[in-house]
Amino acid sequence: MKILVCVKIIKGEINPFDACALEAALQMGGEVTVLSMCPPTAADVLRPLTRLGVKNVYLLSDSAYAGSDTLATSYILSLAAKKIGFDLILCGRQTIDGDTAQVGPCLATKLGIGLVTNVLGLNIDSDTVSCETRLGSESTKLPALLTIERINTLRFPSIFSGLGEVTLWSNADVGADPRQGNGHYHHIAEPRQNHGQATGHRLQRRARNADKQISLAKKGRDFPPPSEHSYKCTPER
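Criteria and thresholds
- Residues numbered from 1 in each chain as written.
- Predicted model: local features only at pLDDT ≥ 70, side-chain atom pairs only at ≥ 80, totals over all residues.
- Heavy atoms only, no water.
- Helix = DSSP H or I, 4+ residues; strand = E, 2+ residues; numbered from the N terminus.
- Buried < 20%, exposed > 50% of the residue type's maximum accessible area, 1.4 Å probe, protein only.
- Areas by Shrake-Rupley, 256 points an atom, 1.4 Å probe, with all protein chains shown as cover.
- Contact = heavy atoms within 4.5 Å.
- Pairing = 2+ DSSP bridges.
- Disulfide = S-S within 2.5 Å.
- Lys, Arg positive; Asp, Glu negative; His and termini not counted.
- Salt bridge = Lys/Arg side-chain N within 4 Å of Asp/Glu carboxyl O.
- Core = buried A, V, L, I, M, F, W, Y, C linked by side-chain atoms within 4.5 Å.

**What to know about the overall build of the chain**
Right, on to step 1. Secondary structure summary: the chain contains six helices and 11 strands in total.
Right, on to step 2. Looking at the 237 residues of the chain, the share that counts as buried comes to 50%.
Right, on to step 3. Here the chain displays about 11500 Å² of accessible surface, and carbon together with sulfur accounts for 48% of that area.

As structure tokens, then:
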């Protein structure tokens, strides 16, 4: 089974809900792939995940993605997910910075697959995934997307495990169309004007910095040695 786990890096650490989703995927076995949409510097945090048994890590980063909202993020992730391939997608219930819990459900809608949210436990039998959630028991056919609660703690790597690489993808690799005007991506290419001129200038500076970081990342420069503790899952409080 091919399991795709979507993670976000927040202040140098993997989002705790996403860390739990990753641990759930690793416990299931199969081929686990991590997908993240973050600045290129997130590679420092993502790379140690390869020591846990993750086969591939893909980092989506492009100046065109600066200021993406949940709908835009879901659209971009859906294109990458289709390119990678999957049987099951796991996401954390929400991020601890945005707290919207929208990306998982939006991503499932964009992909046209089954969705179960607030998952506390799961079991896969043939082509059906059965889940225990905060609202009771639910099931859906594969392929599907599940959003995972904080139900576990991400493991530490084996001392014998090797460090893999992070594959950096720009928009040229996934082909997101900034000209679409259907309310989910047209605002990515240009700063959102309703936030004022100051916000527009800030997003433009962020885009220029992202371009520079992408160039350096592709040359293998300016990345400090990764920390094997940078992916830790913060205990529930």
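Picking up where we left off.
**Describing the environment of A172**
Right, on to step 1. Considering the arrangement of structural elements, one finds A172 in helix α5 (residues 171–174).
Right, on to step 2. Residue classification places A172 among the exposed residues on the basis of a relative accessible area of 74%.

**Digging into helix α4 (residues 103–111)**
Right, on to step 1. Where α4 is concerned, the buried positions are G104, C106, L107, A108 and L111.
Right, on to step 2. Contacts made by the buried residues of α4 are with β1 (2–7), α3 (70–84), β6 (88–92), β7 (114–125) and β10 (144–148).

**Description of the pairing of strand β4 (residues 31–37)**
Right, on to step 1. β4 sits mainly inside the fold: six of its seven residues count as buried.
Right, on to step 2. In this sheet, β4 lies alongside β1 in parallel orientation, the contact comprising six bridges. Its bridge partner being in β4, L4 is matched across the sheet by T33.
Right, on to step 3. In this structure, β4 lies alongside strand β5 (residues 56–60), joined through five bridges in parallel fashion. Directly across from S36, in β5, lies its bridge partner L59.

**Focus: the pairing of β10**
Looking down a regular strand, the side chains alternate between one sheet face and the other.
Right, on to step 1. Of all five residues in β10, five are buried; the element is thus mostly enclosed.
Right, on to step 2. Residues A144, L146 and I148 line one face of β10 and the alternating positions L145 and T147 line the opposite face, and both faces are buried.
Right, on to step 3. As paired strands, β6 and β10 are joined by five bridges and run parallel to one another. Following the sheet pairing, C91 is matched in β10 by T147.
Right, on to step 4. Pairing of β7 with β10 involves four bridges; the strand directions are parallel.

**Regarding the state of the cysteines**
Right, on to step 1. For the structure shown, the criterion picks out zero disulfides.
Right, on to step 2. Cysteine C6 remains unbridged, with the sulfur of C91 as its closest cysteine sulfur at 4.1 Å.

**Digging into the side chain of D18**
Right, on to step 1. For D18, the position within the fold is in helix α1 (residues 16–28).
Right, on to step 2. With no salt bridge to any partner, buried D18 finds its closest opposite charge in K8, at an N-O distance of 8.1 Å.
Right, on to step 3. Apart from the residues lying within four places of it in its own chain, the contact partners of D18 are V5, C6, V7, K8, C91 and G92.

**Remarks on the nonpolar core**
Right, on to step 1. Judged by nonpolar contacts, the single largest core of 36 residues is most densely connected at V5, L22, L46, L49, L90 and L146.
Right, on to step 2. Take this core: its biggest share by element is six residues, from α1.
Right, on to step 3. Y65, L79, A80 and L107 belong to the second largest nonpolar core, which has 25 residues in total.

**So, the pattern of salt bridges**
Right, on to step 1. Here the structure, examined in full by the defined rule, presents six salt bridges.
Right, on to step 2. A salt bridge links D97 to K8, with the shortest nitrogen-to-oxygen separation between them at 2.8 Å. One end of the pair, D97, is in the loop between β6 and α4; the other, K8, is in the loop between β1 and β2 (9–10), with 89 residues separating them in the sequence.
Right, on to step 3. For K8, a relative accessible area of 31% gives the class partly exposed.

**A closer look at the environment of E31**
Right, on to step 1. With respect to the helices and strands, E31 occurs in strand β4.
Right, on to step 2. Overall, the relative accessible area of 27% leaves E31 in the partly exposed class.
Right, on to step 3. Distance from E31 to D87, taken between C-alpha atoms, is 10.0 Å for residues 56 residues apart in sequence.
Right, on to step 4. Here E31 is in contact with M1, K2, I3 and K55, once residues within four sequence places are set aside.

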